[in-house]
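Descriptive structure summary
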Amino acid sequence: MNTIHRRHFIAAGSLTALAGITGSAAATTYRKGPGDDHRGPVCVASGNGVRAVAKAWDLMHEGRDTAEAVVAGVRIVEEDPNDMSVGFGGLPNERGVVQLDASVMHGPTHKAGAVACLENIKTPASVALEVLRRTDHVMLVGLGAKEFAIALGFPEENLLTEQARQAWLRWKASHGPDDDWLNPEQMDWQFDDQGHGTHTALSMADKDPIPFTTGTIHCSALNAKGEISACTTTSGLSYKIPGRVGDSPIIGAGMYVDNAIGSAGATGRGESVIQSCGSFLAVQYMDQGMTPNEACRAVLKRIADRTKQKRLLNAKGEPNFQVTMYAMRKDGAYGSATMRPGGTFAVCDDEGPRQLPSEPLFD
Ligand code: ASP
């Protein structure tokens, strides 16, 4: 059962109006939250996007288009080798190849651009913006996306950092005691950082945990002219089956903009977001009267209600996976909600860039 945080209150007025939209959803599902009362220009991102919102905000104030601002913002994270969920340094697929997904949407023209399974190009959101700008298409995938990027002068680079490669090797060795790759604790010949061998087997305590992502960056921006753009970029689920495309490059799933309403984005288990058209749904919920926080929570509730597979549910019948939604309304109200505790989001307005907690749907 959710507890009602002091700063939240049930938006009783809007609940009556929403009854027809939401069906059986319990009233406590929909609560206003911090950001719902904000008005005016704002940039909103996933929790790893504090630098992105600061950059997007600055560029917007220099008069740059909102689409350019959000793409430049997320580019900081795409190029950061230490963020293992996005761009350069992202964790690879099961074959050790980094495949990136990204999408951009520009509210004033209602145009979208996306790339999926893009290899060897560090900055997929910038390529998605070029698909939007230079072509009559919305999405390019795989080799076609890479050739398009190279034709435009994007450098072809190895995206697998040493840190990500080591994580992938540990993952390969972790499938079971009978696979042919030895786990660190099974090896009796170790090499130190200088490449010197020793015969000391690692203890279980020395074993580095294998990093898995969920992780992605979403960023939306609203300027003083009421123009909205959004983008989402990711290396997707770690160790995924080659060719797997998540929600991030899918227009309406990983992000969506309707300049007459607002924007939304998603991070987390992409398959679940795709199956509920999460970002499109959040924007539609705002059009029907929900605040951004209410809309985010309502999308998560919809995803939870539609999750039927036992392996995705905990003992209480709640989704055992994480999805975080972010939403921004055309007047500058904003919000975020997360399926399970721990999600955060980033905001920048006149008060500067900061990270805030996303309120969980389930405790
Ligand atoms: N949504 C991304 C995907 O499914 C991953 C994530 O955000 O964790 O590819």
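A brief look at the structure comes next. None of these values were measured; they are calculated from a predicted model.

1. Notes on the overall build of the protein
In terms of helices and strands, the protein carries 9 helices and 15 strands. Here the protein holds 363 residues, and the buried ones make up 55% of them. Taken as a whole, the protein presents about 15,500 Å² of accessible surface, with 53% of it coming from carbon and sulfur.

2. Description of a nonpolar patch on the surface
A contiguous nonpolar surface patch, about 230 Å² in accessible area, is contributed by V138, M139 and V141. Tracing the sequence through the fold places V141 in strand β4 (residues 139-141). Judged by relative accessible area, which is 46%, V141 ranks as partly exposed.

3. Side note on the pairing of strand β12 (residues 334-338)
Successive residues of a regular strand alternate their side chains across the two faces of the sheet. Counting buried residues in β12 gives 5 out of 5 residues, a clear majority hidden from the surface. When strand β11 (residues 323-329) meets β12, the two strands line up antiparallel, connected through 5 bridges. The partner of T324 across the bridge, within β12, is T338. Between β11 and β12, which pair antiparallel one after the other, the connecting turn spans 4 residues, and G332 there sits at a positive phi close to 105°. Sheet analysis places β12 next to strand β15 (residues 359-360), joined by 2 bridges and oriented parallel. Residue pairing across strands places T338 opposite P360, the latter belonging to β15.

4. Notes on the nonpolar core
Counting 42 residues, the largest nonpolar core has M325 and M339 as its most contacted members. If we skip the residues at most four places from it in the chain, M339 touches L300, I303, A304, P319, F321, Q322, V323, P360, L361 and F362.

5. Section: the packing of helix α3 (residues 66-78) against helix α4 (residues 124-134)
Two numbers describe a pair of packed helices, the interaxial angle and the distance between the axes. Relative orientation of the contacting elements α3 and α4 amounts to 155°, with a least axis distance of 8 Å. The angle between α3 and α4 falls in the class roughly antiparallel. For the pair α3 and α4, the contacting residues are A67, E68, V71, V74, R75 and E78 in the first and P124, A125, S126, L129 and R133 in the second. Considering only residue class, the contact of α3 with α4 consists of 6 nonpolar, 1 polar and 4 charged.

6. Section: the sheet that holds β12
Strand order across the open sheet formed by 5 strands is β9-β10-β11-β12-β15, with mixed pairing between neighbours. Whereas interior strands pair on both sides, the edge strands pair on one side only; in this sheet they are β9 (255-258) and β15. On top of the sheet, helix α8 (residues 278-287) reaches β9, β10 (262-268) and β11; it is set at about 145° to β10, its chief contact. Contacting β11, β12 and β15, helix α9 (residues 292-305) crosses the sheet at an angle of about 25° to β12.

7. A closer look at the sheet that holds strand β13 (residues 344-349)
With mixed pairing, the 8 strands of this open sheet are ordered in space as β4-β3-β2-β8-β7-β1-β13-β14. The outermost strands of the open sheet, each flanked by one partner alone, are β4 and β14 (352-357). Within this sheet the neighbouring strands show an average axis-to-axis angle of 10°, counted without direction. Taken together, the 6 bridges between strand β2 (residues 100-106) and strand β3 (residues 111-118) define a ladder with antiparallel strand orientation. Each bridged residue has a counterpart across the sheet, and for L100 the counterpart in β3 is L118. Relative to the sheet, helix α2 (residues 50-61) contacts β1 (42-46), β7 (217-222), β13 and β14, its axis offset from that of β1 by approximately 155°. This element, helix α5 (residues 142-151), spans β3 and β4 of the sheet and lies at about 105° to β4.

Each value, and the rule that gives it
- Position numbers for residues start from 1 in each chain and track the written sequence from start to end.
- Reporting of local features is limited, given that this is a predicted model, to residues whose pLDDT is at least 70; pairs of side-chain atoms are given and counted only at 80 or more, and all residues count toward the totals for whole chains, interfaces and linings.
- To obtain the side-chain values, all non-hydrogen atoms of the structure were used and water was disregarded.
- The secondary structure listing takes helices from DSSP runs of H or I that are at least 4 residues long and strands from runs of E that are at least 2 residues long, numbered from the N terminus.
- Residue exposure (1.4 Å probe, protein chains only): buried if accessible area is under 20% of the type maximum, exposed if over 50%, otherwise partly exposed.
- A 1.4 Å probe and the Shrake-Rupley method give the accessible areas. Residues count as covered only by the protein chains that appear here.
- For patch detection, residues must exceed 30% relative accessible area and be free of salt bridges, and they are connected within 9 Å for like charges or within 5 Å for nonpolar side chains (Val, Leu, Ile, Met, Phe, Trp, Tyr).
- We define a salt bridge as a side-chain nitrogen of Lys or Arg found within 4 Å of a carboxyl oxygen belonging to Asp or Glu.
- The pairing criterion for strands is at least two bridges between them, as found by DSSP.
- To qualify as a nonpolar core, a set must consist of buried Ala, Val, Leu, Ile, Met, Phe, Trp, Tyr and Cys residues joined through side-chain atoms within 4.5 Å.
- Here, two residues are considered to be in contact whenever any of their heavy atoms come within 4.5 Å of each other.
- To obtain each axis, a line is fitted to C-alpha atoms, and for helices this fit is confined to the stretch in contact; angles are then taken between N-to-C directions over 0 to 180 degrees.
- Relative orientations are named as follows: roughly parallel for angles under 35 degrees, roughly antiparallel for angles over 145 degrees, roughly perpendicular for angles from 65 to 115 degrees, and oblique for any other angle.
- Note that Gly is not counted as nonpolar here; it falls among the polar residues with everything else outside the nonpolar set of Ala, Val, Leu, Ile, Met, Phe, Trp, Tyr, Cys and Pro and the charged set of Asp, Glu, Lys and Arg.

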